[in-house]
Amino acid sequence: MATACPPLSLPSTSVLRSGRSARAGPARRRLSAVRCTAVGEAVAEEASVGTAGEPLLVSAIRGKKVERPPVWLMRQAGSYQLLCEKYPSFRERSENVDLVVEISLQPWKVFKPDGVILFSDILTPLPGMNIPFDIVKGKGPVIYDPLRTAAAVNEVREFVPEEWVPYVGQALNLLRKEVKNEAAVLGFVGAPFTLASYCVEGGSSKNFTMIKKLAFSEPEILHNLLQKFTTSMANYIKYQADNGAQAVQIFDSWATELSPADFEEFSLPYLKQIVDSVKETHPDLPLILYASGSGGLLERLPLTGVDVVSLDWTVDMAEGRKRLGSNIAVQGNVDPGVLFGSKEFISKRIYDTVQKAGNVGHVLNLGHGIKVGTPEENVAHFFEVAKGIRY
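This structure is a prediction, so every number in the text was calculated from the model and none was measured.

*Asks:* Looking at this structure, I do not really get the overall build of the protein. What am I missing?
*Replies:* When you go through the protein residue by residue, the secondary structure sums to 16 helices and 9 strands. Residues counted as buried form 56% of the 391 residues belonging to the protein. Summarising the internal contacts of the protein: among those between residues at least 6 apart in sequence, 74% fall at separations of at least 24. For the protein, the computed accessible surface area is about 15700 Å², with 50% contributed by carbon and sulfur atoms.

Below, the structure is given as structure tokens:
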């Protein structure tokens, strides 16, 4: 039987974990060893991992003693492409309850990850805020009337999820019934600055000229828009939690286009507002923050108050742990490109990441979404190796 262990110089003894809480410091998190199981044995042992009352992913985020790091991926793989051919419109796929549930469950049925994320888009709330948009194949999101004036921003209304996206709540409830507590059901939202970037630029951007022009010439207009997104996304997170989401990830994809000083003005305070608002009503809901390319902002991310910072692969996991401090969990951060490598190489990178992250408060993931064309057998190997780890 093939083994899940890469050819690393790993000690043979298993890790001794302290009973310390989720907020243990980096020095106490370090792995002294990783115990491997055979690939074919990993799934068979799953029943003994985690607890009946709480998914493994939630337990790990809370710093509880777990047998292995929970693992999930941020993007669909495999048969999702077949559904894309049958339903070419992204909005059709993401705004139909049956399709949302089917697509969300595809990775679960094949790989049994520890997190099942809702199939949706960060721009889904926009029509409910009076911001028409579409996702055009080959081009991506298109905002038909970019928001670049005070008058345009004044027309943006507060998002009421119950009225505009009831299919999201229905889908989350169905996912919870299907998955139970064998995995955590995850919701997600876009962060205010990232949503504003799409709306001011009119879609995706390489240079972010329009959003920066607005920020640096008429900041009051941008702050007005950011506040509207902040209030709306806080409400959206609560709505997702009330309908079954057991953790919610906040994507601030474009905040890393800001300098540290500008991040502190145009992103950080609004993220903190969202977290504070959610924690008032849902204090136990884990919140994850993902910002691609965040190496230059890393020390500022815990100031948002989130429970988990998701690292991309450009940050060394051990260094990331030190820079983030002792009071926050981490997620990540294997390079998605690694899944194009050999199985031996994939295994080695997984073990390197897990060792550097330590045995408390780590959720194993890629440093970004899975890439189109990734061999499905390598995705399966990623999960087999990850789920075969024992601290």
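*Asks:* Help me understand the packing of aromatic side chains in this model?
*Replies:* Given two aromatic rings, their pairing is described by the distance between the two centres and the angle made by the two planes. The full count for this structure, using the stated rule, is 7 aromatic pairs. Seen from their ring centres, Phe 188 and Phe 251 are 5.6 Å apart, and the 85° between their planes marks the pair as edge-to-face. Here the residue Phe 188 occupies a position in strand β4 (residues 184-190), and Phe 251 occupies one in strand β5 (residues 247-251), the gap between them amounting to 63 residues. Residue class for Phe 251 comes out buried when judged on its relative accessible area of 13%. Look at Phe 251 and Tyr 290: their rings are 5.9 Å apart centre to centre, the planes differ by 65°, and that puts the pair in the edge-to-face class. Remark: Tyr 290 occurs in strand β6 (residues 287-290) and Phe 251 occurs in strand β5; sequence separation between them is 39 residues. The burial state of Phe 251 is the same as that of Tyr 290; both residues are buried. Sitting over the face of the ring of Trp 108, Lys 112 holds its NZ or CZ atom 4.7 Å from the ring centroid.

Basis of the calculations
- Residues numbered from 1 in each chain as written.
- Predicted model: local features only at pLDDT ≥ 70, side-chain atom pairs only at ≥ 80, totals over all residues.
- Heavy atoms only, no water.
- Helix = DSSP H or I, 4+ residues; strand = E, 2+ residues; numbered from the N terminus.
- Buried < 20%, exposed > 50% of the residue type's maximum accessible area, 1.4 Å probe, protein only.
- Contact = heavy atoms within 4.5 Å.
- Areas by Shrake-Rupley, 256 points an atom, 1.4 Å probe, with all protein chains shown as cover.
- Phe/Tyr/Trp six-rings, centres within 6.5 Å; stacked < 30°, edge-to-face > 60°.
- Lys NZ or Arg CZ within 6 Å of the ring centre and 35° of its normal.

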